[in-house]
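# Observations on the model geometry
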Amino acid sequence: MNNKLFHTVAEKHNPPRPLLKNCVMSFIFGGVICAFGQCISLFYLYFFDFSEETVGDPTVATLILITMLLTGFGVYDKIAQIAGAGTMVPVTGFGNAVIASAIEHKSEGYVLGVGGNIFKLAGSVILFGVFASFVIALIKLILT
Amino acid sequence: MNIGTRSFQFHTPAVIIDQHTIAGPLEKQGNLTAEIDQFIPDLYDDEKTYELCYTKLIRQTVNILMSRHPLTTYLFTGDLINQSTPTHYGLMETLLVPVTFDHACATFGLSLQSAAFMLQQGQKQTVMVGTMSHFAAVEKQFRFPNEYGQQKPPSSQTTVTGGGFCILATEGEGPKITYATLGRVINAGFKDPYNMGEAMAPACFDTLLCHFQDCQVTPADYDYIITGDLGAVGQAILFDLLVHEGYQVNREQLIDAGCEIFKDHQPVMSGGSGAGCLSLFLLSHGIKHLFKQSLKVLVIATGALHSPVALLQTPIIPTIAHLVVIES
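Cut-offs applied
- Residues numbered from 1 in each chain as written.
- Chains lettered and ligands numbered in written order.
- Predicted model: local features only at pLDDT ≥ 70, side-chain atom pairs only at ≥ 80, totals over all residues.
- Heavy atoms only, no water.
- UniProt positions renumbered as here; feature names shortened; annotations may be inferred.
- Helix = DSSP H or I, 4+ residues; strand = E, 2+ residues; numbered from the N terminus.
- Contact = heavy atoms within 4.5 Å.
- 1 Å grid on protein atoms, 1.4 Å probe; cavity = no way out; pocket = protein on both sides within 12 Å on 5 of 7 lines; lining within 4 Å.
- Points joined across faces, edges and corners; volume = space filled by probe spheres on them.
- Nonpolar A, V, L, I, M, F, W, Y, C, P; charged D, E, K, R; others polar.
- Axes fitted to C-alpha atoms, helices over the stretch in contact; angles between N-to-C directions.
- Parallel < 35°, antiparallel > 145°, perpendicular 65-115°, else oblique.
- Left-handed = near helix turned anticlockwise from the far one by under 90°.
- Expected span 1.5 Å × (residues − 1).
- Bend = angle between axes of the 7 residues up to and from the residue.
- Buried area = accessible area lost by both parts, 1.4 Å probe.
- Salt bridge = Lys/Arg side-chain N within 4 Å of Asp/Glu carboxyl O.
- Buried < 20%, exposed > 50% of the residue type's maximum accessible area, 1.4 Å probe, protein only.

Looking up chain B in an unreviewed UniProt entry gives the name Stage V sporulation protein AD, with the organism given as Halolactibacillus miurensis.

As annotated in an unreviewed UniProt entry, chain A carries the name Stage V sporulation protein AC and is attributed to Halolactibacillus miurensis.

Here it is in structure tokens:
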């Protein structure tokens, strides 16, 4: 078999990813999500007893609640097909990865299904996120 | 009778005498709405899980054919979920003997060939053949959770929900299977699971070349070359490979079931795929429209033989393609 020929012909017919469109879309969607998050922050700052430092927690919780509803109603994945990194990079992307896995494996029971698979996709973010913060903390400790 | 290296001629042609097709909601909006026998309203169809819905699709279709042909004993099939569980669970209440294959989307081709071999032996008057796939159940098995927000590239394909089963007999009215060429496992060095077309086109090309050499024929001897689920990308690659090899082939001669099932504006990227893709197209549009005329058609089912675990351990996508000649 002539693998070189196969790869040359395949290269010719591979539809390229629409990089420019994807970048613009992720910029717009990601920006809108972050601006919306800022609005939620301001809402909590003005109407509730939160400070600039503590407002992050309820804001993230609200964004994840909205993500959960959108994922559960089957809308989030359709938005993500257009938005790409725009919906994946903010905290909503992490929320979606957790919630989508939980919904998918509910059919196998709550303990082995949901419990065992909920961090199937998000697990590596948690592991390497925690590890990275540990390393950064060590560096900070040494330098200061 | 064995011809050449991997081809066979059937002296007792296997005749497709009856069929039943079923499909999901997205396929209902596609090109074959008028020709598919039955539709399900959503991907659950009143079942609790996607896998149970997959089982129900198979059970319903098999039961309908069994009520019309109660003497059938063997079913040649296979599906995409672990050890063909939807098929085996779906057959619990029937007397059918399952002969299941694990050739992914090429299963329908191998099933047709094996059924034709059995009829050739004169052991049985009728056998059942068919395949089914279910978008959400397959997505869960091979990719990410269904609701996960991931951007798919334009080369990716969408698994068809649905499929078809048929009854093959030694005599009767209908299109006949006259030749078969069995495929071998091909590794062309492709490893992108979101581009099955480029991985499967070389296997399809290999089986086609083998058939042309074994049977001393060319594409001009056939009215159409129907491929299973190469998609727009794989079909274009196959066409170029055939032309490069020096075969006179017409672009209109190539039909891909994955491209035909859906309309252009539907969100399926490069086309449909799945074990049920070819059986759905062939047993709906094929039987009810194409084979009404006198035709000689090459039908090639192509399949990728990787699993998500295997792909992570060894980044290779082995592929296979099985061919039958159908004459009407």
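### Thoughts on the UniProt feature "transmembrane region" (unreviewed entry) in chain A
Taking the numbering used here, the UniProt-annotated feature "transmembrane region" (unreviewed entry) corresponds to residues 27-47, 59-76, 83-103 and 123-143 of chain A. The distance from the first to the last C-alpha atom of residues 27-47 of chain A is 30 Å, and the span holds 100% helix and 0% strand.

### Side note on the side chain of Thr-107 of chain B
Its location among the elements puts Thr-107 of chain B in helix α4 (residues 107-120). Filtering out sequence-adjacent residues up to four positions away, Thr-107 of chain B remains in contact with Thr-77, Gly-78, Phe-101, Asp-102 and Thr-131 of chain B.

### Quick notes on the layout of surface pockets
Roughly 1,100 Å³ of internal volume is contained in the largest pocket. Every element with two or more residues in the lining of the largest pocket is listed here: α2 (50-68), α3 (85-90), α5 (135-142), α6 (196-215) and α10 (308-313) of chain B. The element best represented in the lining of the largest pocket is α5 of chain B, accounting for five residues. Of the residues assigned to the lining of the largest pocket, the class counts are 21 nonpolar, 12 polar and seven charged. Put simply, the second largest pocket is a space of about 850 Å³. Along the walls of the second largest pocket sit 29 residues, with Asp-77 and Lys-78 of chain A together with Phe-135, Asn-146 and Pro-267 of chain B positioned nearest its centre. Elements with a contribution of two residues or more to the lining of the second largest pocket: α4 (76-83) of chain A together with α1 (25-28), α5 and β7 (158-159) of chain B. When the residues that make up the lining of the second largest pocket are grouped by side-chain class, the tally is 12 nonpolar, nine polar and eight charged.

### Points about the packing of helix α1 (residues 3-13) of chain A against helix α7 (residues 231-244) of chain B
At a minimum axis separation of 9 Å, α1 of chain A and α7 of chain B run at an interaxial angle of 130°. Here α1 of chain A is positioned oblique relative to α7 of chain B, judged by the angle of their axes. Note that α1 of chain A runs across α7 of chain B; the crossing there is right-handed. Seen from α1 of chain A, the contacting residues are Leu-5, Phe-6, Val-9, Ala-10, Lys-12 and His-13 of chain A; seen from α7 of chain B, they are Val-233, Ala-236, Ile-237, Asp-240, Leu-241 and His-244 of chain B. Across the contact of α1 of chain A with α7 of chain B, the residue classes tally to eight nonpolar, two polar and two charged.

### Some thoughts on helix α9 (residues 275-288) of chain B
If you check α9 of chain B, its first and last C-alpha atoms are 20 Å apart, about what 14 residues at 1.5 Å a residue would give, namely 20 Å. The largest bend in α9 of chain B comes to about 30°, at Leu-282 of chain B.

### Focus on the interface of chain A and chain B
At the interface, 34 residues of chain A touch 34 residues of chain B. Here chain A meets chain B over a buried area of about 2,900 Å², counting both sides, of which 62% is carbon and sulfur. At the boundary of chain A and chain B, one finds two salt bridges. Taking the shortest distance from any N to any O, the salt bridge between Asp-240 of chain B and Lys-12 of chain A comes out at 2.6 Å. At the level of secondary structure, the elements contributing two or more residues to the side of chain A that touches chain B comprise α1, α4 and α6 (91-104) of chain A. Per-element tally for the side of chain A that touches chain B: the top contributor is α1 of chain A, with eight residues.

### Considerations on the pattern of salt bridges
Applying the stated rule across the entire model yields 10 salt bridges over all chains. A salt bridge links Glu-139 of chain B to Arg-143 of chain B; the nearest nitrogen and oxygen atoms lie 3.0 Å apart. Note on Glu-139 of chain B: relative accessible area 6%, which makes it buried. Beyond isolated ion pairs, a larger network of salt bridges with shared partners links Glu-108 of chain A together with Glu-51 and Lys-140 of chain B.

### Side note on α2 of chain B
Spanning 19 residues, α2 of chain B covers 28 Å between terminal C-alpha atoms, matching the ideal 27 Å at 1.5 Å per step. Within α2 of chain B, burial applies to Tyr-50, Cys-53, Tyr-54, Thr-55, Lys-56, Leu-57, Ile-58, Thr-61, Val-62, Leu-65 and Met-66 of chain B.

### With respect to the packing of helix α3 (residues 56-72) of chain A against α6 of chain A
Each pair of packed helices can be described by the angle between their axes along with the distance between the axes. All names here are of chain A. Two elements in contact, α3 and α6, have axes whose closest approach is 9 Å; the angle formed by their N-to-C orientations is 45°. When the axis of α3 is compared with that of α6, the two are oblique. α3 and α6 meet at a crossing whose hand is right-handed. In this structure, α3 uses Val-60, Leu-63, Ile-64, Thr-67, Met-68, Thr-71 and Gly-72 to contact α6, whose residues at the interface are Val-91, Thr-92, Gly-95, Asn-96, Ile-99, Ala-100 and Ile-103. Looking at the contact of α3 with α6 residue by residue, the class counts come to eight nonpolar, six polar and no charged.

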